[in-house]
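Residue-level listing of the chains:
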Amino acid sequence: MRDIVDAGLTANYSGVGGGGGNISSPTEVKAIKLYELDAERSWATVVRNTFIAFQFEPEHKVMVELYIKGRKLKELLCDGLWETTFYRWRDHWLEYAYKWAKKFGLL
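Keep in mind the model is a prediction, meaning the values are calculated, not measured.

Scoring rules and cut-offs
- Residues numbered from 1 in each chain as written.
- Predicted model: local features only at pLDDT ≥ 70, side-chain atom pairs only at ≥ 80, totals over all residues.
- Heavy atoms only, no water.
- Helix = DSSP H or I, 4+ residues; strand = E, 2+ residues; numbered from the N terminus.
- Buried < 20%, exposed > 50% of the residue type's maximum accessible area, 1.4 Å probe, protein only.
- Contact = heavy atoms within 4.5 Å.
- Areas by Shrake-Rupley, 256 points an atom, 1.4 Å probe, with all protein chains shown as cover.
- Axes fitted to C-alpha atoms, helices over the stretch in contact; angles between N-to-C directions.
- Parallel < 35°, antiparallel > 145°, perpendicular 65-115°, else oblique.
- Nonpolar A, V, L, I, M, F, W, Y, C, P; charged D, E, K, R; others polar.
- Core = buried A, V, L, I, M, F, W, Y, C linked by side-chain atoms within 4.5 Å.
- 1 Å grid on protein atoms, 1.4 Å probe; cavity = no way out; pocket = protein on both sides within 12 Å on 5 of 7 lines; lining within 4 Å.
- Points joined across faces, edges and corners; volume = space filled by probe spheres on them.

(A) The arrangement of the overall build of the protein in detail. When helices and strands are tallied, the protein shows 5 helices and 0 strands. The linear arrangement of helices and strands in the protein, starting from the amino end, is α-α-α-α-α. The buried share of the protein, taken over its 107 residues, is 23%. The long-range fraction of contacts in the protein, counting pairs at least 24 apart against all pairs at least 6 apart in sequence, stands at 52%. Carbon together with sulfur atoms contributes 58% to the accessible area of the protein, which is approximately 8100 Å² in total.

Here's what the structure looks like:
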């Protein structure tokens, strides 16, 4: 974040005028980058908080297999996970993540 703030501290006078919708102010560009970085950080916190909330639950293993290890749902269903159980768990994860996203003003 600090490198975004410190980068390009000189004015860009060639950008003044009809830039056709392009942002010419270095300050504006930095502000937009910081805003985007903040949103990304907030989404990462939503994901982290959701994983932490379920770390001692049986579905945590399924979360890790799907979203961290990248296994396919079909593989997990072949390993004995019932489809109805998966969708019930997934709805529970999404509901929890939704509440965090609302708290951070992401939705």
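(B) Focus on the packing of helix α3 (residues 59-68) against helix α5 (residues 83-103). The geometry of α3 relative to α5 is characterised by a closest axis approach of 11 Å and an angle of 85 degrees between their N-to-C directions. The angle between α3 and α5 falls in the class roughly perpendicular. Judged by residue contacts, E59, V62, M63, L66 and Y67 of α3 engage F86, W89, R90, H92 and W93 from α5. Broken down by class, the residue content of the contact of α3 with α5 amounts to 7 nonpolar, 1 polar and 2 charged.

(C) How the structure looks around the nonpolar core. In terms of nonpolar packing, the biggest core is built from 11 residues, these being F51, F54, V62, M63, V64, L66, L76, L81, F86, W89 and W93. Listed by contribution, the elements that provide at least two residues to this core are α3 and α5.

(D) Up close: the layout of surface pockets. Computed from the structure, the largest pocket encloses a volume of approximately 210 Å³. As for the largest pocket, its lining consists of W43, V46, V47, T50, F51, M63, Y67, W93, L94, A97 and Y98. Elements represented by at least two residues in the lining of the largest pocket include exactly α2 (26-53), α3 and α5. At 5 residues, α2 tops the list of elements feeding residues into the lining of the largest pocket. Looking at the lining of the largest pocket residue by residue, the class counts come to 10 nonpolar, 1 polar and no charged.

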